[in-house]
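Commentary on secondary and tertiary structure
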Amino acid sequence: MDGKKLLETIERLRLIRAKEDLKPPPCSILNTHLPNGSELKLRQYQIQGILHLLAMPRFVLGYDTGLGKTLQVIASLCYLWEKRPDIPAVICTTKSAVGQWESEFEKFTKGINVFKCLGTKKKREKTHNQFKESEGPKVLVMGYRTAVHDFTYLQNMTGHIMVYDEATAFKNDKSQVHQVCKHLAGGAERVWSLSATIIKNRLMEAWAIYKVTAPHLFSTKTHFMREYCITRDQTIPGSRRRIKIVVG
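Our subject in this report is the structure included herewith. (Residues numbered from 1 in each chain as written. Predicted model: local features only at pLDDT ≥ 70, side-chain atom pairs only at ≥ 80, totals over all residues. Heavy atoms only, no water.)

The subject of this paragraph is the pattern of salt bridges. A complete count under the given rule lists 6 salt bridges for this structure. In this structure, E205 engages K171 in a salt bridge whose closest nitrogen and oxygen atoms are separated by 4.0 Å. Taken together, the positions of E205 in helix α9 (residues 203-213) and K171 in the loop between β5 (161-164) and α8 (176-186) put the pair 34 residues apart, joining distant regions of the chain. With relative accessibility at 10%, the residue E205 sits in the buried group. Under the relative-accessibility criterion, K171 is labelled partly exposed at 32%. (Salt bridge = Lys/Arg side-chain N within 4 Å of Asp/Glu carboxyl O. Helix = DSSP H or I, 4+ residues; strand = E, 2+ residues; numbered from the N terminus. Buried < 20%, exposed > 50% of the residue type's maximum accessible area, 1.4 Å probe, protein only.)

Right under this line is the structure:
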């Protein structure tokens, strides 16, 4: 997204944030009536979140736990799939949440092929093949460690939508998970990262998350630390070498 278009998008999103009567447009593959008989009613902040995700190809959604980040992503994918049913989506999450994402897709969508990547290597290989051969709106859901183990099946993927749930999983830019996530994001058409705790511990962890999500937003780690962090020099025990420690 070039500078002029980005500024126009930001201004449009500012207007969206100021509105209190937003209504979601109709979508044929988003379930408006849930299995329990109730009607799906999106809250204002959830509609705002969806509009942000649709407007920004690379975006970090930082709502707190329990505010419906999963639903906002699923709804956003449905709006995209309605126009472009051929674009695949890949969701990386914690291993324990893979089944939850599958059930949420079953609850909130119609006609979406959901592939849950779990189990033995042979079973996962079968899932990858089924995902590649499937036509129409489709999503592959897997754990972060699975993405590392199955990198061979994923490394050449391009033009997809990449969703990172619990994005603090790659907050360490030296980790194998970070490197794999960065590669998968590099070939993606859209990258959305979800986190309720993006700056809970250290601001540098946020830099690592943005380095995967929007790598051109901030430059080097040193520059980010100089511009956004309060630091102090600390001597390494048993050495004359000093390193900078982030203190605020």
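This paragraph deals with the state of the cysteines. Considering all chains together, one arrives at 0 disulfides under this definition. Residue C27 stays outside any disulfide, its sulfur separated by 5.1 Å from that of C78, the closest cysteine. Relative accessible area serves as the criterion here: at 11%, C27 is assigned to the buried category. (Disulfide = S-S within 2.5 Å.)

Right, let's get into the side chain of K138. Relative to the helices and strands, K138 is located in strand β4 (residues 138-143). It is E135 that comes nearest to the buried, bridge-free K138 among opposite-charge side chains, at 8.5 Å. At 2.7 Å, the side chain of K138 and the backbone oxygen of F131 are in polar contact. With near-sequence residues (within four places) excluded, K138 lies in contact with W81, I87, P88, A89, N113, F115, F131 and K132. (Lys, Arg positive; Asp, Glu negative; His and termini not counted. Polar contact = N/O pair within 3.5 Å; in protein donor to acceptor, adjacent residues only side chain to side chain. Contact = heavy atoms within 4.5 Å.)

What follows concerns the side chain of Q46. Topologically, Q46 is positioned in helix α2 (residues 44-55). If sequence neighbours within four positions are ignored, Q46 has contacts with K41, L67, G68, L71 and Q72.

Between the first and last C-alpha of helix α1 (residues 3-18) there are 23 Å, a value that for 16 residues agrees with the 22 Å anticipated at 1.5 Å per step. Within the span of α1, buried status applies to T9, L13 and I16. Buried residues of α1, seen end-on, are gathered within an arc of 50° and therefore sit on one face of the element. Away from its buried face, by an angle of more than 90 degrees, α1 presents the exposed residues K4, L7, R14 and A18. Summarising the contacts, the buried residues of α1 are in contact with α2. (Expected span 1.5 Å × (residues − 1). Arc of directions from axis to C-beta.)

This brings us to the sheet that holds strand β1 (residues 58-61). Here 6 strands make up an open sheet; going across it, the order is β1-β6-β5-β2-β4-β3 and the pairing parallel. Both edges of this open sheet fall to β1 and β3 (113-117), since each of them pairs with a single strand only. Here the strands of the sheet are splayed against their neighbours by 15° on average, with no regard to which way each runs. By the bridge criterion, 4 bridges tie strand β2 (residues 89-93) to β5 in an arrangement that is parallel. The residue bridging V90 from the neighbouring strand is M162, located in β5. Taken strand by strand, α9 contacts β1, β5 and β6 (190-194), and its axis lies near 145° from that of β1. (Pairing = 2+ DSSP bridges. Axes fitted to C-alpha atoms, helices over the stretch in contact; angles between N-to-C directions.)

Across the interface, α1 lies against α2 with an axial gap of 10 Å and an inter-helix angle of 170°. With respect to each other, α1 and α2 are oriented roughly antiparallel. Here α1 contributes T9, R12, L13, I16 and R17 to the contact with α2, which in turn contributes Q48, L51, H52 and A55. Considering only residue class, the contact of α1 with α2 consists of 4 nonpolar, 3 polar and 2 charged. (Parallel < 35°, antiparallel > 145°, perpendicular 65-115°, else oblique. Nonpolar A, V, L, I, M, F, W, Y, C, P; charged D, E, K, R; others polar.)

Attention shifts here to the packing of aromatic side chains. How two aromatic rings sit relative to each other is set out by the distance from centre to centre and by the angle between their planes. In the structure shown here, the tally under the stated rule is 11 aromatic pairs. Between the aromatic rings of Y164 and F170, the centroid separation amounts to 5.1 Å while the plane-to-plane angle is 70°, which identifies the pairing as edge-to-face. Overall, Y164 belongs to the buried group, its relative accessible area being 0%. On the basis of relative accessible area, F170 is assigned to the buried category, the value being 0%. A cation sits over an aromatic face here: K138 above F131, 4.9 Å from the ring centre. (Phe/Tyr/Trp six-rings, centres within 6.5 Å; stacked < 30°, edge-to-face > 60°. Lys NZ or Arg CZ within 6 Å of the ring centre and 35° of its normal.)

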